[in-house]
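Chain residues, written in single-letter form:
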Amino acid sequence: MELKSIVPWGRSLAEYVAMFNLTEANLQQKILGCGDGPASFNTELTKLGGDVISIDPIYAFSAQEISEQIQAVYPEIKARVSQNLTSFVWSQFDSVEDLCEIRMQTMSLFLEDYGGRNSGDRHQNQALPKLSFSDKSFDLALCSHLLFLYSQQLDAAMHIASILELCRVAKEVRIYPLVTLSGELSSYLDFVRAELLTAGIKTELKDVDYEFQRGATQMLVAKWQ
Ligand SMILES: C[S@@+](CC[C@H](N)C(=O)[O-])C[C@H]1O[C@@H](n2cnc3c(N)ncnc32)[C@H](O)[C@@H]1O
């Protein structure tokens, strides 16, 4: 994987809590963060005593390399959001500047932790659709802003194989958002859910208390029947 092809952009624990309806009880479970990238979810939850492992192919790179890539993509992301203001709901951020400042603070938290001595096994260089963990290693797997969002880059087979793998390693899987980068509901959603059902996995759509991409108000919950 080439770091240049990645757009590192990370969210906070508070955003994960809202995107995935995480309760206090959930936060005490053994959690897998899948495709966590430079999110500070792992860093912040660990500080609160949580038990979380994040996987992402970006963890093949050093903190310095990831930091340089964040700086490189920052102007491009800022420009893209500025050109598409109405595609987003501006309730939690005051402006594009505010959004970017908060994202940079979040990613700084991650970089400080990731580059430090206590990052250990909490950030692992692994990638869907194949993970090294044994069956049911986690209570909960969370996948934020990867599956369904990148429907143009990842095909339906990749989605099915990835969700089956997440259901293998975790008792419950939550995925958000279900819209693509263009903001429409992923065209894979119904097909993927039907294929999972055939494989014995029940899925549900649940409303969440989070909306930044307009219309992205639901997560997918998947578990063995
Ligand atoms: C848009 S970022 C989302 C980061 C974080 N989850 C968040 O919501 O703030 C998408 C992440 O998915 C990671 N990724 C790309 N392909 C992946 C794969 N096959 N398996 C796991 N993660 C992957 C990227 O490296 C990137 O860090």
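Chemist: Give a detailed account of the site of the ligand, specifying residues and quantitative values.
Modeler: The local shell around the ligand holds 19 residues, among which Arg11, Gly35, Asp56, Leu128 and Ser144 are the closest. Separating an oxygen atom of the ligand from a backbone N or O atom of Arg11 is a distance of 2.8 Å. With respect to the ligand, the side chain of Asp56 contributes an N or O atom lying 2.6 Å from an oxygen atom. For the ligand, whose accessible area on its own is 590 Å², the fraction buried by protein is 91%. Classifying every residue of the shell around the ligand gives 11 nonpolar, five polar and three charged.

Chemist: Outline the packing of aromatic side chains, supporting the account with residue identities and numerical values.
Modeler: The description of an aromatic ring pair uses the distance of the two centres, along with the angle that the planes make with each other. Counting across every chain of the model gives 12 aromatic pairs. Between Trp90 and Phe212 the ring centres are 5.3 Å apart and the planes differ by 90°, which places this aromatic pair in the edge-to-face class. Of the two residues, Trp90 sits in the loop between α4 (63-83) and α5 (96-114) while Phe212 sits in the loop between β6 (201-207) and β7 (218-224), which places them 122 residues apart along the sequence. Take Trp90: its relative accessible area is 27%, and that puts it in the partly exposed class. Summarising the aromatic geometry, the rings of Tyr176 and Tyr210 are spaced 5.7 Å apart at their centres and angled 90° between planes, so their arrangement reads as edge-to-face. Of this pair, Tyr176 sits in strand β5 (residues 170-176) while Tyr210 sits in the loop between β6 and β7, and the two are 34 residues apart along the sequence. A relative accessible area of 7% places Tyr210 in the buried class. An aromatic cluster of at least three residues, connected via ring pairs, comprises Phe88, Trp90, Phe93 and Phe212.

Chemist: Explain unusual backbone geometry to me, using residue names and the numbers behind them.
Modeler: For the peptide bond that leads from Leu128 to Pro129, omega is 15°, which places it in the cis range. Following Tyr176, the chain continues into Pro177 via a peptide bond in cis, with omega recorded as -5°. Assignment of secondary structure puts Pro177 in the loop between β5 and α7 (189-198). Phi at His145 takes a positive value of approximately 55°, unusual for a residue other than glycine. Here His145 lies in the loop between β4 (138-144) and α6 (156-169). Judged by relative accessible area, His145 falls into the buried class, the value being 14%. Positioned with a positive phi, Phe148 is a non-glycine residue whose angle comes to about 70°. Relative to the helices and strands, Phe148 resides in the loop between β4 and α6. Exposure remark for Phe148: the relative accessible area of 0% places this residue in the buried category.

Chemist: Can you lay out the sheet that holds strand β2 (residues 51-55) for me, pointing to particular residues and giving the numbers?
Modeler: The mixed open sheet is built from seven strands, whose spatial order is β3-β2-β1-β4-β5-β7-β6. Looking at strand neighbours, the two that pair on one side only are β3 (123-124) and β6, the edges of this open sheet. When β2 meets β3, the two strands line up parallel, connected through two bridges. Each residue of the ladder has a partner; that of Ser54, found in β3, is His123. α6 contacts β1 (30-34), β4, β5, β6 and β7 of the sheet and is inclined by roughly 140° relative to β5. On top of the sheet, α7 reaches β6 and β7; it is set at about 140° to β6, its chief contact.

Chemist: An account of the pattern of salt bridges is needed here, citing residue identities and associated values.
Modeler: Enumeration over the complete set of coordinates arrives at 10 salt bridges. A salt bridge links Glu15 to Arg103, with the shortest nitrogen-to-oxygen separation between them at 2.7 Å. Highlighted residues: Glu15 in helix α1 (residues 13-19) and Arg103 in helix α5, separated in sequence by 88 residues. Of the charged contacts, one joins Glu172 and Lys223 as a salt bridge, the two residues approaching to 3.8 Å between their closest N and O atoms. Taken together, the residues Glu172 in strand β5 and Lys223 in strand β7 connect sequence positions 51 residues apart. In this structure, a network of salt bridges that share partners links the residues Lys130, Asp135, Glu165 and Arg168.

Rules behind the numbers
Residues numbered from 1 in each chain as written. Predicted model: local features only at pLDDT ≥ 70, side-chain atom pairs only at ≥ 80, totals over all residues. Heavy atoms only, no water. Near = heavy atom within 4 Å. Polar contact = N/O pair within 3.5 Å; in protein donor to acceptor, adjacent residues only side chain to side chain. Areas by Shrake-Rupley, 256 points an atom, 1.4 Å probe, with all protein chains shown as cover. Nonpolar A, V, L, I, M, F, W, Y, C, P; charged D, E, K, R; others polar. Phe/Tyr/Trp six-rings, centres within 6.5 Å; stacked < 30°, edge-to-face > 60°. Helix = DSSP H or I, 4+ residues; strand = E, 2+ residues; numbered from the N terminus. Buried < 20%, exposed > 50% of the residue type's maximum accessible area, 1.4 Å probe, protein only. Pairing = 2+ DSSP bridges. Contact = heavy atoms within 4.5 Å. Axes fitted to C-alpha atoms, helices over the stretch in contact; angles between N-to-C directions. Salt bridge = Lys/Arg side-chain N within 4 Å of Asp/Glu carboxyl O.

These figures capture arrangement, not role.
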